[in-house]
Amino acid sequence: MAATRVSLFLAASPVTSATKNSGKNRRVHLSRRKAVSREHISPAAATVATSLTENGKLLEENNNKKKKTSKEETQSELKIASNLNVYSNPDEITEEENRKTVRDYFQECKDLIKGSDGDGDGGERPRWFSPLDCGSHSPDSPLLLFLPGIDGTGLGLIRHHHKLRKIFEMWCLHIPVKDRTSFADLVKLVERTVNSEKKRSPHRPIYLVGESLGACIALDVAARNPDIDLMLILANPATSFNRSQLQSLIPLLEFMPDQLFNLVSGDPLRLVSENVVKGLLPLQTFSELPQDLAAMSSYLSVLADMLPRETLLWKLQMLKSASASANSHLHAVRAQALLLYSGKDQLFPSQEEAQRLSRILPKCHLRFFEENGHFIFLEDNFDLVTSIKGASFYRRGKYHDYVSDYLPPTPYEFKKIHESNRWVLAATSPVMFSTLEDGKMVRGLAGIPSEGPVLYVGYHMLLGFELAPLVMQFLMERNILLRGIAHPMMFIRLREGKMLDLASFDTYRIMGAVPVSGPNFYKLLSSKSHVLLYPGGVREALHRKGEEYRLFWPEQSEFVRMASRFGAKIVPFGVVGEDDVGELVFDYNDQMRIPSTRDFIKELTEEVVRLRTDANGEVSNQDVHLPGVLPKLPGRFYYYFGKPIDTEGRKQELRDRDKAHELYLHVKSEVERCMACLKEKREKDPYRNILPRLLYQATNGFTSEVPTFEH
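Bear in mind the structure is a predicted one, so any value in this text is a computation, not a measurement.

Trainee: Help me out: how do you make sense of the overall build of the protein chain in this one?
Mentor: Scanning the protein chain for helices and strands turns up 24 helices and 23 strands. Taken across its 711 residues, the protein chain has 58% of its residues classed as buried. Roughly 29,900 Å² of accessible area belongs to the protein chain as shown, and the carbon and sulfur atoms make up 51% of that amount.

If you want it as structure tokens, here you go:
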């Protein structure tokens, strides 16, 4: 899989619970509608309720029966399978059910502020709670501790509970309105919980998710506990408080009388600048203002109850001490950190701060959200679980495993990816062919094996143009998720420089790409996955002028014996059409003749892991560069999957190097044959050019399947 961004593919009475080992910090004391403790969750509710990957195919929730298919799978059976495939029609996929809204957040905050005993929460202390809608997770799920921001409610992740509950055991910290626990004591509270849970489950990581104030708590806890396996997710941290406009509110609030503070409707921020008001509410609430003034008034009323003058003053003073403490301890933080920062944060200079923190924290990954405000977790266009997946930031054990820790895309995540590539599909109108057992070439993927392990070996187009249609079509038509073996540049950097940000490759990771390595290849095949492999790699995807459809494979076989070890089927395939969408006008050779671009290529290449350093020939040339391509009036992409080659029962035979090499050359020749066949047949396709295709769809409907050559 080419690792370049130019490639197109590119989650009431009180209930009290405590165990003898829990300690005070694990006390749960909340209203019945809000939460139950971890100990009250029934075993039945702890079942996994998420999509799984089994035998390379996606199984939906509660689907405990494996689909049995014979080798003579019929078209009618495929049609039935398509009807059961939730990915088959992305246009019909709707947003995840049970996702709560900003309205729910303010309503539940209102209920929570009233207190659990009917007498207010003035005498209560900070405590943990587990939301009722977060009771279902797998037994080996890591623990997630949510540390709230200035609101202190612990409900900041309410829009993500429905997805987080499937992959985490989740606790949220609630800080009552009238509580005056110091920042240092909050850090100690969280630290006690972390140490207690570490003893209870020593082999699972603990996630600390914090926004603004909570991010400072997370950083301090991590600094004080460098030997505990912590994963930090920090959203717009308050470490930049000394450069924030909030700092100017402290003297104002100190001398402002309560009578002046509680003007008109009780809005405590009436006298504060409009920017600060906006900063204390999710951005979308302001888009709702003209349509729903009553709801906006309700939001401000809850905000007034959440942050009365004395509480707001206390929180601002705490932010000041939290920022100072966290900054003084940054050098001691060793934990992995995923830093989420917004482009429209009205409270803190988060963009500038994110860059500063990334230079200090040794294991920091950045994700920038240009259109979001300070309270990013409450905004419509942000999904925390999707961000975790894209950053490969989810693990159940000590180390991240790209196979066992992988979380498949949800239908809605796939819909968003499909929408972002819709223009590619419209422009290239990809058509795919496969081969049945009798050798017949048919349109569609009926000839593709249903059960894994299956290894797809083929030609890599320039810049990986073929990837998006290929991976999406397999998921839509056959409910098969292709796990691509990808270049390490999509996952790690040797050093920061001019290479594209790792966030540019998040879509690859969400769709199942794994960095190329022997262990990862072994794990994929042993888990019966459908694996996509390009032996030509970077050299093939960054080929030169006149080299289109030429294979740059290593001289020695790389995959045959591994495939035979697990009895995998090998499916050779060819793809053509790159010469119909663009012309390569400025290639590697051209760029190496110019000193400035030659130096640029050298810098890029030194930032990434080099592969095949011991190989001979052109395949060893792994220099990273960006070819100059002149677009053409789009033609069409054609894919042809040859007859599957079965290695079942050939393990001993293919241990012989000569036999393995013979099969390797056979697979290579099949790939070349598939491309030759497509290049010949496409000449007879009346819809090879985009104009006839547009005319056909204008007549027959834009969702209709465009015909192609006879086969």
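Trainee: Explanation requested: the nonpolar core in the structure shown.
Mentor: Ranked by internal contacts, the top residues of the largest apolar core, which has 99 residues, are V190, L208, L230, L232, L316 and F377. What V190 contacts, discounting residues up to four positions off in sequence, is W128, L147, L173, L208, I217 and V221. Membership of the second largest hydrophobic core comes to 74 residues, among which are V454, M499, L525 and W553.

Trainee: For this particular structure, what's the right way to read the pairing of strand 6 (residues 127–131)?
Mentor: Along any regular strand, the residues point their side chains to alternate faces of the sheet. Burial analysis of strand 6 places 5 of its 5 residues in the buried class, the great majority of the element. Taking every second residue as pointing to the same face, both faces of strand 6 are buried, with R127, F129 and P131 on one and W128 and S130 on the other. Of the strand pairs in this sheet, strand 6 and strand 8 (residues 169–174) are connected by 3 bridges, and their pairing is antiparallel. Of the residues in strand 8, the one forming a bridge with R127 is H174.

Trainee: Explanation requested: unusual backbone geometry in the structure shown.
Mentor: A negative phi angle is the norm for most residues apart from glycine, just as the trans form is the norm for most peptide bonds. Here the residue pair G452 and P453 is connected by a cis peptide bond, since its omega of 5° sits within 30 degrees of zero. Structurally, the position occupied by P453 is in the loop between strand 14 (441–443) and strand 15 (454–458). Positioned with a positive phi, L463 is a non-glycine residue whose angle comes to about 60°. Along the chain, L463 turns up in the loop between strand 15 and helix 16 (467–478). Of note in this structure, N479 is not a glycine but carries a positive phi near 60°. Position of N479 among the secondary structure elements: in the loop between helix 16 and strand 16 (482–486).

Trainee: Even after reading the chapter, I still don't get the side chain of S450, so can you show me in this structure?
Mentor: By the element assignment, S450 lies in the loop between strand 14 and strand 15. Separated by 2.7 Å, the side chains of S450 and R478 make a polar contact.

Trainee: I would appreciate a short explanation of the packing of aromatic side chains in the present structure.
Mentor: For any pair of aromatic rings, geometry is given as the distance between the ring centres together with the angle between the planes. Summed over the entire model, instances satisfying the criterion amount to 25 aromatic pairs. Ring geometry for Y522 and F566: centres 5.0 Å apart, planes at 75°, overall edge-to-face. Of this pair, Y522 sits in helix 18 (residues 518–526) while F566 sits in the loop between helix 20 (560–565) and strand 19 (569–576); the two residues are 44 residues apart in sequence, bridging distant segments of the chain. Lying over the aromatic face of F552, R539 brings its terminal NZ or CZ to 4.0 Å of the ring centre.

Trainee: So what exactly am I meant to see when it comes to the pattern of salt bridges here?
Mentor: Opposite charge on two side chains makes pairing possible when the charged atoms of those side chains draw close. Counted according to the given criterion, the structure contains 40 salt bridges. Across the pair E95 and R99 runs a salt bridge, and its minimum N-O distance is 3.2 Å. Close ionic contact of R650 with E653 constitutes a salt bridge, the shortest N to O distance being 3.2 Å. Accessibility expressed as a relative area gives 23% for R650, which makes it partly exposed.

Trainee: How should I be thinking about the packing of helix 14 (residues 411–420) against helix 16 in this particular structure?
Mentor: When two helices pack together, their arrangement is given by the angle between their axes and by how far apart the axes lie. Close contact between helix 14 and helix 16 brings their axes to 11 Å; oriented N to C, the two are set at 135°. What the angle tells us is that helix 14 and helix 16 run oblique. In this structure, helix 14 crosses over helix 16, and the sense of that crossing is left-handed. Facing F414, I417 and H418 of helix 14, the residues of helix 16 in contact are M472, L475 and M476. Grouping the amino acids of the contact of helix 14 with helix 16 by side-chain chemistry returns 5 nonpolar, 1 polar and no charged.

Trainee: Please clarify how helix 14 should be interpreted in this entry.
Mentor: Each α-helix turn comprises 3.6 residues. Residues three or four places apart therefore point the same way. Extensive coverage of helix 14 is indicated by the burial of 7 of its 10 residues. Taken together, the buried positions of helix 14 are occupied by P411, Y412, E413, F414, K415, I417 and H418. On its buried side, helix 14 packs onto helix 3 (161–164), helix 13 (384–390), helix 15 (422–428), helix 16 and helix 17 (506–510).

Trainee: Explanation requested: helix 24 (residues 690–700) in the structure shown.
Mentor: Of all the residues in helix 24, the buried ones are I690, R693 and Q697. Angularly, the buried residues of helix 24 cover 60° about the axis, an arc narrow enough to put them on a single face. Turned more than 90 degrees away from the buried face of helix 24 sit L691, L695, A698 and T699, all of them exposed. The secondary structure elements touched by the buried residues of helix 24 are helix 15. Its side-chain oxygen 2.9 Å from the backbone nitrogen of L691, N689 forms the N-cap of helix 24. Of the residues trailing helix 24, G701 is marked for its positive phi of about 105°.

Trainee: When you look at a nonpolar patch on the surface in this model, what are you seeing that I'm missing?
Mentor: On the surface, a nonpolar cluster with roughly 300 Å² of combined accessible area is contributed by V585, F586, I594 and L630. Structurally, V585 is set in strand 20 (residues 582–586). Owing to a relative accessible area of 36%, V585 belongs among the partly exposed residues under this scheme.

Trainee: Sorry if this is basic, but what is going on with the pairing of strand 18 (residues 530–533) here?
Mentor: Both faces of strand 18 are covered, namely the face carrying H530 and L532 and the face carrying V531 and L533. Pairing between strand 15 and strand 18: 4 bridges, direction parallel. Its bridge partner lying in strand 18, V457 is registered against L533. Bridge count for strand 16 against strand 18 is 3 bridges, and the pairing is parallel. Of the residues in strand 18, the one forming a bridge with G484 is L532.

Trainee: When you look at the side chain of T605 in this model, what are you seeing that I'm missing?
Mentor: Its place among the elements puts T605 in helix 22 (residues 595–606). When its relative accessible area of 6% is taken as the criterion, T605 is described as buried. Of note is the side chain of T605, whose polar atom sits 2.8 Å from the backbone oxygen of I601. Once you skip the residues sitting within four places of it in the chain, T605 turns out to touch R610, Q622, D623 and V624.

Trainee: What is the right way to read the confidence of the model for the protein chain from this model?
Mentor: Do not read the predicted coordinates in detail wherever pLDDT is low. Residues of the protein chain with pLDDT of at least 70 account for 80%, and the chain-wide mean is 84. Under a pLDDT of 50 for its full length, residues 1–56 has, in the predicted model, 183 contacts with residues more than four places off or in other chains. Counting contacts from residues 263–278, a segment whose pLDDT is below 50, to residues more than four positions away or on other chains yields 30 contacts.

Trainee: Please clarify how the environment of N372 should be interpreted in this entry.
Mentor: Tracing the chain through its elements places N372 in the loop between strand 12 (364–369) and helix 13. What makes N372 buried here is its relative accessible area of 2%. Side chain to side chain, N372 and N381 meet in a polar contact 2.7 Å long.

Trainee: Please explain the environment of D405 as it appears in this structure.
Mentor: Tracing the backbone shows D405 in the loop between helix 13 and helix 14. With relative accessibility at 6%, the residue D405 sits in the buried group. A C-alpha to C-alpha distance of 9.8 Å links D405 and K389, two positions 16 residues apart in sequence. Not counting chain neighbours up to four residues away, the residues in contact with D405 comprise Y394, R395, R396, Y399 and H400.

What counts, and where the lines are drawn
- Residues numbered from 1 in each chain as written.
- Predicted model: local features only at pLDDT ≥ 70, side-chain atom pairs only at ≥ 80, totals over all residues.
- Heavy atoms only, no water.
- Helix = DSSP H or I, 4+ residues; strand = E, 2+ residues; numbered from the N terminus.
- Buried < 20%, exposed > 50% of the residue type's maximum accessible area, 1.4 Å probe, protein only.
- Areas by Shrake-Rupley, 256 points an atom, 1.4 Å probe, with all protein chains shown as cover.
- Core = buried A, V, L, I, M, F, W, Y, C linked by side-chain atoms within 4.5 Å.
- Contact = heavy atoms within 4.5 Å.
- Pairing = 2+ DSSP bridges.
- Polar contact = N/O pair within 3.5 Å; in protein donor to acceptor, adjacent residues only side chain to side chain.
- Phe/Tyr/Trp six-rings, centres within 6.5 Å; stacked < 30°, edge-to-face > 60°.
- Lys NZ or Arg CZ within 6 Å of the ring centre and 35° of its normal.
- Salt bridge = Lys/Arg side-chain N within 4 Å of Asp/Glu carboxyl O.
- Axes fitted to C-alpha atoms, helices over the stretch in contact; angles between N-to-C directions.
- Parallel < 35°, antiparallel > 145°, perpendicular 65-115°, else oblique.
- Left-handed = near helix turned anticlockwise from the far one by under 90°.
- Nonpolar A, V, L, I, M, F, W, Y, C, P; charged D, E, K, R; others polar.
- Arc of directions from axis to C-beta.
- Patch = residues over 30% accessible without salt bridge, like charges linked within 9 Å, V, L, I, M, F, W, Y side chains within 5 Å.
- pLDDT = per-residue confidence, 0-100.

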